[in-house]
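Reading the structure
Listed below are the residues making up each chain.
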Amino acid sequence: PPPDALPSSFEAVLSDGKVVEVCEGGAGRAVTEANRREFAAQALAARREESAAQLRALRSGLEAMLPAGLLGLLDGTEAERLVTGAAAVDVGLLREHTVCRGEGNQPVVN
């Protein structure tokens, strides 16, 4: 269908390919010019809801590392740095704070 064609019914395709009704009786309800905005809002809500559990788990994990109130104050780059650390490794600093011991080819690093 052309890119500007309306869907035929109040159904949406989720990320796993499953087709779901976005409202009660959606399979039998036609999308028209008059109700297209309602369809779009309901389809968007269905897509948003399918990832809600994963987003809650992600947020919970982030909040285990960073205070919840801090998340809203950081942009993506700042949050990434706090969670993952610096992208560059200071080898001199690493050597200064690392102790290697072991026998033969089996070193133990502390």
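Residues numbered from 1 in each chain as written. Predicted model: local features only at pLDDT ≥ 70, side-chain atom pairs only at ≥ 80, totals over all residues. Heavy atoms only, no water.

**Considering the packing of aromatic side chains**
- The final tally for this structure, using the stated rule, is one aromatic pair.
- Sitting over the face of the ring of Phe 10, Arg 29 holds its NZ or CZ atom 4.1 Å from the ring centroid. (Phe/Tyr/Trp six-rings, centres within 6.5 Å; stacked < 30°, edge-to-face > 60°. Lys NZ or Arg CZ within 6 Å of the ring centre and 35° of its normal.)

**A closer look at the pattern of salt bridges**
- What the rule picks out here adds up to four salt bridges.
- The salt bridge partner of Arg 36 is Glu 33, with a shortest N-O separation of 2.9 Å.
- On the basis of relative accessibility, which here comes to 56%, the residue Glu 33 falls in the exposed class. (Salt bridge = Lys/Arg side-chain N within 4 Å of Asp/Glu carboxyl O. Buried < 20%, exposed > 50% of the residue type's maximum accessible area, 1.4 Å probe, protein only.)

**What about the nonpolar core?**
- Core analysis: the largest hydrophobic core is formed by eight residues, namely Phe 10, Ala 12, Val 22, Cys 23, Val 31, Phe 39, Ala 43 and Ala 46.
- With three residues, the top contributor of residues to this core is helix H1 (residues 36-50).
- Apart from the residues within four sequence positions on either side, Phe 39 is in contact with Pro 7, Ser 9, Phe 10, Glu 11, Val 22 and Val 31. (Core = buried A, V, L, I, M, F, W, Y, C linked by side-chain atoms within 4.5 Å. Helix = DSSP H or I, 4+ residues; strand = E, 2+ residues; numbered from the N terminus. Contact = heavy atoms within 4.5 Å.)

**With respect to H1**
- For H1, spanning 15 residues, the distance from its first C-alpha to its last is 21 Å, which sits close to the expected 21 Å at 1.5 Å a residue.
- Residues of H1 that are buried: Phe 39, Ala 43 and Ala 46. On an axial view of H1, the arc spanned by its buried residues comes to 55°, and they lie on one face. Turned more than 90 degrees away from the buried face of H1 sit Arg 37, Arg 48 and Glu 49, all of them exposed. (Expected span 1.5 Å × (residues − 1). Arc of directions from axis to C-beta.)

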